[in-house]
Amino acid sequence: MLFSTYANAQNSEVDNVYKPFSINAHLKNMHIWHGFVVHPSALFATSLEYNTRNKKFTFGFWGGASFSGVDVEHKETGELVSANYKEFSIYTKYQFNNRFFIEAVTHNNYTGVEERGDKLSYWSYDKTQGYNFVDVNLGYYVTPKTLLYLATIIGGGSGDYEIQDDGSLKDSWTHYFEVKHKIWENDTSHFSAFVGGAWSFITDKTFYTESAGNVINVGVAYNKSISISNHNIPIEVTAMWNPEQEKTVLQLDIQLF
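Residues numbered from 1 in each chain as written. Predicted model: local features only at pLDDT ≥ 70, side-chain atom pairs only at ≥ 80, totals over all residues. Heavy atoms only, no water.

Caption draft 1: Broad picture of the environment of E236. Tracing the sequence through the fold places E236 in strand 15 (residues 231-242). Through-space distance from the C-alpha of E236 to that of A221 is 6.8 Å; in sequence the pair is 15 residues apart. Among residues more than four places away in sequence, those in contact with E236 are K180, A221, Y222, N223, Q251, L252 and D253. At 3.1 Å, the side chain of E236 and the side chain of N223 are in polar contact. (Helix = DSSP H or I, 4+ residues; strand = E, 2+ residues; numbered from the N terminus. Contact = heavy atoms within 4.5 Å. Polar contact = N/O pair within 3.5 Å; in protein donor to acceptor, adjacent residues only side chain to side chain.)

Caption draft 2: Molecular detail of the nonpolar core. Of all hydrophobic cores here, the largest spans 20 residues; its most connected members are W33, F207 and Y208. Elements that contribute at least two residues to this core include exactly strand 4 (43-51), strand 6 (80-95), strand 7 (100-108), strand 8 (132-143) and strand 9 (146-153). For this core, the leading source of residues is strand 9, giving four residues. (Core = buried A, V, L, I, M, F, W, Y, C linked by side-chain atoms within 4.5 Å. Buried < 20%, exposed > 50% of the residue type's maximum accessible area, 1.4 Å probe, protein only.)

Caption draft 3: Up close: unusual backbone geometry. The residue S229 is not glycine, and still its phi comes out positive at about 55 degrees. Relative to the assigned elements, S229 resides in the loop between strand 14 (214-228) and strand 15.

Caption draft 4: View of the sheet that holds strand 14. Spatially, the twelve strands close up into a barrel ordered 1-4-5-6-7-8-9-12-13-14-15-16, and their pairing is antiparallel. Pairwise comparison of adjacent strand axes, ignoring direction, gives a mean angle of 20 degrees for this sheet. (Pairing = 2+ DSSP bridges. Axes fitted to C-alpha atoms, helices over the stretch in contact; angles between N-to-C directions.)

Caption draft 5: Representation of the pattern of salt bridges within the structure. Taken as a whole and assessed by the stated rule, the structure comprises five salt bridges. Across the pair K86 and E115 runs a salt bridge whose closest N-O atoms are separated by 3.4 Å. In this pair, K86 is assigned in strand 6 and E115 in the loop between strand 7 and strand 8, connecting sequence segments 29 residues apart. Look at the salt bridges and you will find they share partners, linking K75, R116 and D118 into a network. (Salt bridge = Lys/Arg side-chain N within 4 Å of Asp/Glu carboxyl O.)

Caption draft 6: A look at the side chain of H34. Relative to the helices and strands, H34 resides in the loop between strand 2 (31-33) and strand 3 (36-39). A residue is classified by how much of its surface remains accessible, and H34, at 6% relative accessible area, is buried.

Printed below as a string of structure tokens:
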């Protein structure tokens, strides 16, 4: 699952020297996303993106790989085999102004696909193959410190569907809505709180919840920039609680460059 690209949505100032391409790398103790623990152990994530001169349009690639595996069940033998987290996602964003942006992400988390006995097909969006889906997202800053964020999964990708009585599959078109507010800040750090929930107007089941819509993502985040040999290293610590799953985790995210 892609990390949310809206985190830096307000940084729309034009640099004196235009740099169309940029890369960054993150070291994380785990990977969380919209109330999910996507991977429970350490991983390395990186991105490559293109930005227009005015910073309004962005197109990029994001990928992650873990240092340790998780157990997945082989569909034919029933045996548990280890599979490392692997993801390669594509995203694009358009920043209309300092307040409003729209983005689209095609997520490709192919962890365990081959290990469980399935054929890996990167461009497959079959509903039941379980690792490709697309979402379209809107973000709006009500104030410079308060962000409203709405994400909508398009169609029934990666299991975002409900099985009907006749066996047919009905797309959920799940919506995820989050409010994030910056409570405190100084020159090098800030502290934020957030709450997010998911629902569907089409089905009871959603992509994020076990049945009907629910609050699934509550927490706080502390961001700090540490200077080492004239090099700034942004660090984020996020405490996340999913009330539905009764799951609480603490994520450390270090941006190496």
